[in-house]
Amino acid sequence: MIDKLNNTIKFIREQTDHVPEFGIVLGTGLGGLAKEINVECAISYEEIPSFPVSTVESHSGKLIFGELGGRRVVAMQGRFHYYEGYSMQEVTYPIRVLKLLGIEKLFISNASGGLNPDYAVSELMVVEDHINLFPEHPLRGKNFDDLGPRFPDMSEPYDMSLIKLAEEIAEDMGITLRKGVYAGIQGPTLETKSEYRYLRTIGADAVGMSTVPENIVARHMEIPTCAISV
């Protein structure tokens, strides 16, 4: 793992000396945000050593370095999913790369299914907690102490100060922003009616096939994280 990460970082550093403050993971259908970035360098996933390659049609598969809102960012235009056949270590490998590139905070986005009947289609929900229903854990196996602790604390998986800031910005801009719990499932099938009832019963407000593994690894590496579901 450490050797692979070092090789990946070495390759990227040969392409750009951009040191990002913020990492952004763009979810399904949300890659358009990349058009708002003043791009300095874009690297195809296929070129990056040890990087998976997305098999989802709507995921472009590029690591984009540039400026957004006056901040230095690196954006993943396309993410990896467990249902594509990758291991959880492969799914979350890019999060470790982003941390080693220098990010101080991580923003994760996703397109999800709504479970809370009070929420409307296309509304935004900032994730305050999650329920992990994936059959594999991204930290299973040997722990690398240089990357994080064996037993990371998940009592506050999403950074409360970033959630508060998101709520304040949404209010200032007149945007409806919900706050809720995201259930992460394996996929790729959508849920049955009984499964939807089950997920709502155990406390989920939205359901999707991503985000949770990335957040776990972000917590492992002590990256403050904010996640938004559409």
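Residues numbered from 1 in each chain as written. Predicted model: local features only at pLDDT ≥ 70, side-chain atom pairs only at ≥ 80, totals over all residues. Heavy atoms only, no water.

K.L.:
Residues and numbers for the environment of Gly 29, please.
P.N.:
Residue placement: Gly 29 occurs in the loop between strand E1 (22–26) and strand E2 (38–44). Residues Gly 29 and Arg 150 lie 121 residues apart in sequence; the distance between their C-alpha atoms is 35 Å. (Helix = DSSP H or I, 4+ residues; strand = E, 2+ residues; numbered from the N terminus.)

K.L.:
Explain the packing of aromatic side chains residue by residue, including any values.
P.N.:
Going through the model one piece at a time under the given rule, you end up with seven aromatic pairs. Between Phe 22 and Phe 107, the ring centres sit 6.0 Å apart and the planes meet at 45°, which makes this aromatic pair tilted. You can see Phe 22 sitting in strand E1 and its partner Phe 107 sitting in strand E5 (residues 105–110), a full 85 residues away along the chain. Relative to Tyr 86, the ring of Phe 80 has its centre 5.8 Å away and its plane inclined at 80°; by these criteria the two rings are edge-to-face. Of the residues examined, Phe 80 reaches a relative accessible area of 2% and is grouped as buried. (Phe/Tyr/Trp six-rings, centres within 6.5 Å; stacked < 30°, edge-to-face > 60°. Buried < 20%, exposed > 50% of the residue type's maximum accessible area, 1.4 Å probe, protein only.)

K.L.:
If you had to explain helix H2 (residues 88–101) to someone new, which residues and values would you point to?
P.N.:
In a regular helix each residue adds 1.5 Å, so 14 residues correspond to 20 Å; H2 covers 21 Å between its end C-alpha atoms and thus fits that length. Bending of H2 peaks at approximately 30° at the position of Pro 94. The element H2 is largely enclosed, with a buried count of 10 among its 14 residues. The complete set of buried residues in H2 reads Met 88, Val 91, Thr 92, Tyr 93, Pro 94, Ile 95, Arg 96, Val 97, Leu 98 and Leu 101. Buried positions along H2 lie against helix H1 (2–15), E1, strand E3 (62–68), strand E4 (71–77), E5 and helix H5 (212–220). One or two positions beyond H2, positive phi appears at Gly 102, with a value near 120°. (Expected span 1.5 Å × (residues − 1). Bend = angle between axes of the 7 residues up to and from the residue. Contact = heavy atoms within 4.5 Å.)

K.L.:
Got a sec to walk through the sheet that holds strand E6 (residues 113–114)? Specific residues and values, please.
P.N.:
Across the sheet, 10 strands lie side by side as E2-E3-E4-E1-E5-E10-E7-E8-E9-E6; this open sheet has mixed pairing. Edge strands, defined here as strands with exactly one partner in the open sheet, are E2 and E6. Two strands pair when backbone bridges link them, and strand E7 (residues 124–132) and strand E10 (residues 225–229) are joined in this way by two bridges, in the antiparallel orientation. Bridge pairing in E10 links Val 126 to Ile 228. On the sheet, helix H3 (residues 160–173) packs against E5, E7, strand E8 (177–184) and E10 and is oriented at approximately 135° with respect to E8. Running over the sheet, H5 touches E1, E5, E7, E8 and E10 and is turned about 80° from E7. (Pairing = 2+ DSSP bridges. Axes fitted to C-alpha atoms, helices over the stretch in contact; angles between N-to-C directions.)

K.L.:
Give a description of the nonpolar core that names residues and reports values.
P.N.:
Counting 47 residues, the largest nonpolar core has Ile 12, Ile 48, Leu 63, Phe 65, Val 97, Leu 98 and Leu 106 as the members making the most contacts within it. Discounting chain neighbours no more than four positions away, the residues touching Leu 98 are Gly 23, Leu 63, Val 74, Met 76, Ile 103 and Leu 106. Core analysis: the second largest hydrophobic core is formed by nine residues, Leu 115, Val 181, Leu 199 and Met 209 among them. (Core = buried A, V, L, I, M, F, W, Y, C linked by side-chain atoms within 4.5 Å.)

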